[in-house]
Amino acid sequence: MKQLSTKVTSNGHGQDSSYFLGWEEYEKNPYDEIKNPNGMIQMGLAENQLCFDLIESWLVKNPDAASLKRNGQSIFRELALFQDYHGMPEFKKAMAEFMEEIRGNRVTFDPKNIVLAAGSTSANETLMFCLAEPGDAFLLPTPYYPGFDRDLKWRTGAEIVPIHCSSSNGFQITESALQQAYQQAEKLDLKVKGVLVTNPSNPLGTALTRRELNLLVDFITSKNIHLISDEIYSGTMFGFEQFISVMDVLKDKKLENTEVSKRVHVVYSLSKDLGLPGFRVGAIYSNEEMIVSAATKMSSFGLVSSQTQYLLSALLSDKKFTSQYLEENQKRLKSRQRRLVSGLESAGITCLRSNAGLFCWVDMRHLLDTNTFEAELDLWKKIVYNVKLNISPGSSCHCTEPGWFRVCFANMSEDTLDLALKRLKTFVESTDCGRMISRSSHERLKSLRKKTVSNWVFRVSWTDRVPDER
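The text that follows walks through the structure, step by step, so that each part is easy to find.

Conventions we followed
- Residues numbered from 1 in each chain as written.
- Predicted model: local features only at pLDDT ≥ 70, side-chain atom pairs only at ≥ 80, totals over all residues.
- Heavy atoms only, no water.
- Helix = DSSP H or I, 4+ residues; strand = E, 2+ residues; numbered from the N terminus.
- Core = buried A, V, L, I, M, F, W, Y, C linked by side-chain atoms within 4.5 Å.
- Buried < 20%, exposed > 50% of the residue type's maximum accessible area, 1.4 Å probe, protein only.
- Domains from an automatic or database assignment.
- Contact = heavy atoms within 4.5 Å.
- Pairing = 2+ DSSP bridges.
- Axes fitted to C-alpha atoms, helices over the stretch in contact; angles between N-to-C directions.

### Digging into the environment of L368
For L368, the position within the fold is in the loop between strand 12 (359-363) and helix 15 (373-386). Distance in space between the C-alpha atoms of L368 and L379 is 6.7 Å, their sequence separation being 11 residues.

### A short note on the nonpolar core
Grouped together as the largest cluster of nonpolar side chains are 74 residues, with contacts concentrated most on M95, L139, V195, L227, L270 and L316. At seven residues, helix 6 (residues 89-102) tops the list of elements feeding residues into this core. Three or more residues apiece are contributed to this core by two domains, here domain 1 (6-52 + 329-428) and domain 2 (64-322). The residues touching L139, leaving out its near neighbours within four places in the chain, are V161, I163, L178, A181, Y182, V192, G194, V195, L196 and F219.

### Let's talk about the sheet that holds strand 14 (residues 392-393)
Pairing is antiparallel across the open sheet formed by four strands, whose spatial order is 11-12-15-14. Of all strands in the sheet, those with a lone pairing partner are strand 11 (350-351) and strand 14, marking the two edges. Across two bridges, strand 11 lies against strand 12 in antiparallel orientation. In the strand pairing of strand 12, T350 is matched with D363. Against the sheet, helix 14 (residues 319-346) engages strand 11, strand 12 and strand 15 (404-408), with an angle of about 15 degrees to strand 12.

### Topic: the sheet that holds strand 10 (residues 282-286)
Across the sheet, which stays open at both edges, the seven strands sit in the order 4-10-9-8-7-5-6 with mixed pairing between neighbours. The open sheet terminates on both sides in strands that have one partner only, identified here as strand 4 (114-117) and strand 6 (159-163). Shown here is a sheet whose adjacent strand axes are inclined to one another by a mean of 25 degrees, direction ignored. With four bridges joining them, strand 4 and strand 10 adopt antiparallel strand pairing.

What follows is the structure, encoded as structure tokens:
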């Protein structure tokens, strides 16, 4: 159809990815404990539903916010009228303070440098428009969130060049991997405009170490390029470590208010930490005035509603609530993650040790017929269509090693998670590989995990993963 643009006729959106195809299959046959107990369980959606009761309780205690009142008086008409695209000052101030609280108040965020957007999808795309021309490239460590192929490339025309990370060191970013990705971009005649990372990582469920963050800042400094740190999972840390933001590293290196700091940009959202993806609240933080100005103008295409800003400014300004929420959220995430890991272990399956996020990076390489991505997709289809679990195959995340899967754990009840794990265990035991794993051999596996340092899954303890944390 020659009358239509290539945006319409091409498949640049990535909707044909197995990541999105799994969602489509789930929507055809969604699990319901009462209405459809044999339906598909959604484990491919990174939603945080573990603390809705805390927010609902706050809403009951603060009826003015939810009913659009101030001091008992309706402000409906005020909120219903057109709002300037700069956003409400009180909301941007509350967002800045919440971001500071998550980072232990070690760093500060100037509300004037915050640009509001309709979620992190809009925020990341806006930064691409600000930083890259069509055909320019950003380097991304693998595996990475499948939606980035849509968010960063589809409408902007930017390109992604992978930074290949390996299971041999727990998928950490290395200097050699950064240099190789940069050189590959040059071979492809692509101008590299920056590096984009998610911290904590989606899909790994691990926070970047201080060593990795120092490496990234040194790299973008030497190449005179940008760094985007997507920190939408920063409030989901549930290990013993503090979340280390790229802003911490800039402060430690005494790079605040320098030209380097103007090339470091943070993306944030309330979708994961507060579990509010339907509210469509995202933000860009940048120290570069020109980017703040341009991104603010672009935000006209994806504003956050006045009603949403008013409600959430009241919630985020309640410091007693935010403190209690963050603590309880992390406790519940840790408990749920342990439940998933324990259930996987009972099925003879291990995963990368995680300390953040709403998912685990699960190792099913031993269930593959062959060490190929074709075998990975075959296994994925069996799990989707036969076991009726929607999980995300590693190939959809551009992982370079077949047999890895992202499995989400915070978007369902404990009973539903237990049922999913029961289904998966039954499937594993029915396979040739599964039948070889007797209970006695499984016990040996557990014993081996405690002793050996030869297998990276068990070697990446947190003393190894974060050797330079404070």
